[in-house]
Amino acid sequence: MSWPGIIEAYRRFLPVSDQTPIITLGEGGTPLLPAPRLAAAIGAKIDLYLKYEGVNPTGSFKDRGMTLAITKAKEEGAEKVICASTGNTSAAAAAYSVRGGMKAYVLIPKGKIALGKLAQAMMHRATILQVQGNFDEALALVTDVSKTYPITLVNSINPYRLQGQKTGAFEVCDDLSEAPTHHFLPVGNAGNITAYWMGYTEYLKEGKITHLPKMMGFQAAGSAPIVLGKIVKHPKTIATAIRIGNPASWKNAELAALESQGKIDMVTDEEIITAYRMIAGLEGIFCEPASAAGVAGVIKLHKRDYFKKGDRVVCTLTGHGLKDADFSLKTSIKETTMVKSKEDLLKSLGF
Ligand code: F0G
């Protein structure tokens, strides 16, 4: 039988009943891939794994939360849903709304989302609305409107989103038959780190694991409000997915880091790009730039002798690299060679 999607797979842990109309695209069940070459390349004697969320139906981890948010919206009779987004949430909201026979409205920061994500929202017939400002302003606007008008907010302020996303932690534990020692991931609006922490703590209570991992969240240096301890009015980073200056789950992310004895830290755009290229070039996994922030964090901390031998480290790669193919070409186009003759070709092949 094929993978049924996260709601059926983890029904017992989720707020659904036999009457709930499940809206799914078969999300979740993503691979946890060992990354020995990457670990060796950075010289870390750790057991490194990459949870590849890019293979979800719309190409990011957002599908885990969206299947449940849209399912519950449908159950509650909603006809319209709305979200603010740096791109991936809008792609997922658009796709799952089509699946559920609802209408999606997405508010995005103009010129600051990757083209692939925009294409997804368009193909799934969402109404695309743009703001001149950033994600934070868009989120404030949709939150306000959804409080008074009959339209369901499907950003991660919607509690069903995080309930769905916690299944990422369940899958990691199911695959390893235990929790890892550390879980690294990028932090934008800070929902995912909150959701993973919820998942791990629930699994501990259930007796499925015997310890909790340290939660290690990484923001981009130009968009690092939690690290700096203050709202960033004009967030900047090439990792547009996490270009956020006032995260909705700020306090919960801090709590996850504190309770788990982990940390929220930051990495520069250069560090993100280095990690992004290493993941693709050494492990065969193409993720989008923001997704590499966790691995960039592993590299940064390894340089500071943070890890102990045998640590078991999981990094969530949150989205697919093809979402922002443009960016990958910008960083690697110089490496192509023009072939004008057979001799050129043979020379390039090393013969
Ligand atoms: N990685 C990717 C690829 C993302 O799209 C996001 C968030 C994150 C990491 C950060 O996750 O917000 O839970 O801390 N993208 C949102 C969006 C904001 O609109 O698609 P977070």
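Described below are features of the structure shown in this document. (Residues numbered from 1 in each chain as written. Predicted model: local features only at pLDDT ≥ 70, side-chain atom pairs only at ≥ 80, totals over all residues. Heavy atoms only, no water.)

Below, the discussion takes up the sheet that holds strand β5 (residues 127–131). Taken together, 4 strands build an open sheet; the order of strands is β5-β4-β3-β6 and the sheet is parallel. For this open sheet the edge positions go to β5 and β6 (152–153), each flanked by a neighbour on one side alone. Note: strand β3 (residues 80–84) against strand β4 (residues 103–109), 5 bridges, orientation parallel. Within the sheet, the bridge partner assigned to K80 lies in β4 and is K103. Running at roughly 150 degrees to β3, helix α6 (residues 135–148) makes contact with β3, β4, β5 and β6 of the sheet. (Pairing = 2+ DSSP bridges. Helix = DSSP H or I, 4+ residues; strand = E, 2+ residues; numbered from the N terminus. Contact = heavy atoms within 4.5 Å. Axes fitted to C-alpha atoms, helices over the stretch in contact; angles between N-to-C directions.)

Core analysis: the biggest nonpolar cluster contains 37 residues, and L50, F184, I279 and V295 have the highest contact counts within it. Those elements giving two or more residues to this core turn out to be α2 (36–42), β2 (47–52), β8 (214–220), α12 (269–283), α13 (293–303) and β10 (312–317). Here this core gets 6 residues from one element, more than from any other, and that element is α13. Those residues within four positions of L50 in sequence are excluded, and the remaining contacts are P31, L32, L33, A35, L38, I279, E283, I285, V295, C315 and L317. (Core = buried A, V, L, I, M, F, W, Y, C linked by side-chain atoms within 4.5 Å. Buried < 20%, exposed > 50% of the residue type's maximum accessible area, 1.4 Å probe, protein only.)

Our next topic: the sheet that holds strand β9 (residues 263–267). With mixed pairing, 6 strands are arranged side by side in an open sheet as β1-β2-β10-β7-β8-β9. A strand with exactly one partner marks an edge of an open sheet, and here the two such strands are β1 (32–34) and β9. Across the sheet, the axes of successive neighbouring strands diverge by a mean angle of 25 degrees, strand direction being ignored. Note that strand β7 (residues 182–186) and β10 share 3 bridges and pair parallel. By the bridge assignment, F184 is partnered in β10 with C315. Most of the contacts of helix α8 (residues 167–176) go to β2, to which it runs at about 135 degrees, and overall it touches β1, β2, β7 and β10. The strands touched by helix α9 (residues 191–205) within the sheet are β2, β7, β8, β9 and β10, with β8 carrying the most contacts at an inclination of about 175 degrees.

On their own, these measurements won't tell you what the molecule is for.
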